[in-house]
Amino acid sequence: MGAVPGRAGRRAKPGDVITHFNGSEVTPETANALFAQLANPSQAFDPATGRPKAQDRTLTFRRGDEKPFTATLKTEPYAPESAFGVLRTADDKWDCVLDREYKIGYIRLGPIETGLDAKFAEMMDGLTKQGCRALVLDLRWCPGGYVDPGTRIAGMFLKDNSVIAKMDYRNAAQAGTANEIRTPPGGGQYANLPLVLLVGSETTGGGELIASALRDNDRCVVVGQRSVGRASVQNVRDAGFAGVQFRVTTGTSFRPNGKNRMRKADSQPTDDWGIRPDEGLEVPVTADKSAELRRQADLHALRPADSRDALPFDDPAADPYRLTALVYLRKHLGKK
């Protein structure tokens, strides 16, 4: 369960300042106690059903010099979005067509959470029904996540039994398991779809696993900047009290071609680590420009379907990564 801003009325945006919670002013002295009430309120239960009762939380926001406004948050089931398209539709889904003339699709991935592969498959199905001829898969701000959904996403573009990654386990119990991850049976629905990946200086872990799987199997071209270079394999362990869990690094993953993906403390720029863009497809942007593009993408993802506000991220020509991908695909596709 989570607290979600109301879907009607004014919405909070990055940079807004919370001044009051349930009528109580947020000050240095009250902030900790009020946050505890927000995150873990005393729970009331419905005696008829035994289920938790929905609880409203009212926040007052200040935005620059504008008049303060309030928003009421209601408790309801909620899963953060991890897949984003081009335009949010009225039913809170995504239209993923980036170029309607050439029928080029676009999907951006965030954290690779459980169930992301099902959401991704739904978005791909929508693109297929619209006659999609190629896809731009944006992994620039993918921080990694779970291996299984990442494996299934990569497998949609690969033939059965293709190698996705090679593993080196520290744990003796795991050392006897298969040292290769291969595409699961029944994938490969889009094994012939032209594909461009966008990677950058914040593409990490699971995003790099997907990128290396597709690149080493000659299923894509890579546009952007060199990725982070993180390839540790981690498992979640229960601490045994209070529901506390922690992550333990149990091994390292390598590219399908066997090359190293992990950037170490003594790694040099010429060493094998991370994912590099293909020759001629590097996008030379500054760190400030990258940060601004991410901010624009976040605002774009937060915009509700009924908004008529134009945002910079609506224009792919203002994003050197997507523009490079579109120029490449248009040249290779030609007009239908």
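The shown structure was predicted, so the numbers you read here are calculated from the model rather than taken from an experiment. (Residues numbered from 1 in each chain as written. Predicted model: local features only at pLDDT ≥ 70, side-chain atom pairs only at ≥ 80, totals over all residues. Heavy atoms only, no water.)

Trainee: Just checking my understanding: could you explain unusual backbone geometry for this structure?
Mentor: The general pattern is negative phi for most residues beyond glycine and trans for most peptide bonds. Positive phi, normally seen in glycine, also occurs at Asp92, with a value near 65°. Looking at where Asp92 falls in the secondary structure, it is placed in the loop between β7 (87-88) and β8 (94-95). For Asp92, a relative accessible area of 42% corresponds to the partly exposed category. Of note, the phi angle at Asn161 is positive, near 70°, even though the residue is not glycine. When you line up the elements, Asn161 lands in the loop between α3 (147-155) and β12 (163-169). Asn161 sits in the partly exposed class, given a relative accessible area of 49%. (Helix = DSSP H or I, 4+ residues; strand = E, 2+ residues; numbered from the N terminus. Buried < 20%, exposed > 50% of the residue type's maximum accessible area, 1.4 Å probe, protein only.)

Trainee: Explain the nonpolar core to me, please; I cannot follow it from the model alone.
Mentor: One broad trend across soluble globular proteins is that nonpolar side chains are buried collectively. With 42 residues, the main nonpolar core has Ile107, Leu109, Phe120, Leu135, Leu137 and Phe157 as its most contacted residues. Contributions of two or more residues to this core are made by β6 (83-84), β10 (104-109), α2 (116-129), β11 (134-138), α3, β12, β14 (195-199) and α5 (206-216). Every residue in contact with Leu109, bar those within four places of it in the chain, is listed here: Ser82, Ala83, Leu116, Phe120, Leu137, Asp138, Leu139, Trp141, Cys142, Ile153 and Ile210. In terms of nonpolar packing, the next biggest core, distinct from the first, is built from 21 residues, Leu198, Ala297, Phe313 and Tyr321 among them. (Core = buried A, V, L, I, M, F, W, Y, C linked by side-chain atoms within 4.5 Å. Contact = heavy atoms within 4.5 Å.)

Trainee: When you look at the side chain of Asp95 in this model, what are you seeing that I'm missing?
Mentor: With respect to the element layout, Asp95 can be found in strand β8. Setting aside residues up to four positions removed in sequence, Asp95 forms contacts with Gly85, Val86, Leu87, Thr89, Arg100 and Gln130.

Trainee: Looking at this structure, how should I read the environment of Asp271?
Mentor: Structurally, the position occupied by Asp271 is in the loop between β17 (245-254) and α6 (287-302). Taking the C-alpha atoms as reference points, Asp271 and Arg261, separated by 10 residues in sequence, lie 9.7 Å from one another.

Trainee: Looking at this model, I keep getting lost on the pairing of β10. Mind explaining?
Mentor: For a regular strand, side-chain orientation follows a simple rule: the groups alternate between the two sheet faces. β10 sits mainly inside the fold: six of its six residues count as buried. The alternating pattern of β10 places Ile104, Tyr106 and Arg108 and Gly105, Ile107 and Leu109 on opposite faces, both of which are buried. With two bridges connecting them, strand β9 (residues 97-99) and β10 associate as antiparallel partners. Note on β10: the bridge partner recorded for Val97 is Gly105. Between β9 and β10, which pair antiparallel and follow one another directly, the connecting turn spans four residues, one of which, Lys103, has a positive phi of 55°. Summarising the sheet, β10 and β11 pair through five bridges and their orientation is parallel. By the bridge assignment, Arg108 is partnered in β11 with Asp138. Once you follow β10 into α2 and on to β11, the crossover reads as right-handed. (Pairing = 2+ DSSP bridges. Right-handed = clockwise from strand over helix to strand, strands pointing away.)

Trainee: It is not clear to me how the pattern of salt bridges should be interpreted in this structure. Could you clarify?
Mentor: A side chain of one charge can pair with a side chain of the opposite charge if their charged atoms are brought near each other. With the rule as written, the count across this model stands at 19 salt bridges. The partner of Asp99 in a salt bridge is Arg330, with the nearest N and O atoms 2.7 Å apart. With a gap of 231 residues between them, Asp99 in strand β9 and Arg330 in helix α7 (residues 320-333) connect regions that are remote in the sequence. Under the relative-accessibility criterion, Asp99 is labelled buried at 7%. Judged by relative accessible area, which is 31%, Arg330 ranks as partly exposed. Salt-bridge contacts for Arg295 lead to Glu292; the nearest nitrogen and oxygen are separated by 2.9 Å. Of this pair, Arg295 and Glu292 are both found in helix α6, three residues apart, which corresponds to roughly one turn of the helix. The class for Glu292 is partly exposed, based on a relative accessible area of 29%. (Salt bridge = Lys/Arg side-chain N within 4 Å of Asp/Glu carboxyl O.)

Trainee: Explain the packing of aromatic side chains here, please?
Mentor: Two descriptors summarise a pair of aromatic rings, namely the distance from one centre to the other and the angle between the planes of the rings. In this structure the tally under the stated criterion is four aromatic pairs. Seen in terms of ring centroids, Phe61 and Phe69 are 5.4 Å apart; in terms of plane orientation they differ by 20°. Their pairing is stacked. When the ring of Phe84 is compared with that of Trp94, the centres are 6.3 Å apart and the planes differ by 80°; the resulting orientation is edge-to-face. Residue Phe84 is found in strand β6, and its partner Trp94 is found in strand β8; the two are separated by 10 residues along the sequence. For Phe84, a relative accessible area of 9% corresponds to the buried category. Three or more aromatic residues joined by ring pairs form one cluster here, namely Phe120, Phe157 and Tyr190. Sitting above the plane of the Trp273 ring, Arg226 keeps its charged end 3.5 Å from the centroid. (Phe/Tyr/Trp six-rings, centres within 6.5 Å; stacked < 30°, edge-to-face > 60°. Lys NZ or Arg CZ within 6 Å of the ring centre and 35° of its normal.)

Trainee: I tried to follow α2 on my own but got confused; where do I start?
Mentor: Structurally, the α-helix is built with 3.6 residues per turn, so residues lying three or four positions apart point the same way. Counted at 1.5 Å a residue, the expected span for α2 with its 14 residues is 20 Å, and the 20 Å between its end C-alpha atoms agrees. Looking only at α2, the buried set comprises Leu116, Asp117, Phe120, Met123, Met124 and Leu127. Seen from one end, α2 has its buried residues packed into an arc of 125°, which puts them on one side. As for α2, its buried residues are in contact with β6, β8, β9, β10, β11 and α3. Once α2 ends, the next one or two residues include Gly131, with phi positive near 80°. (Expected span 1.5 Å × (residues − 1). Arc of directions from axis to C-beta.)

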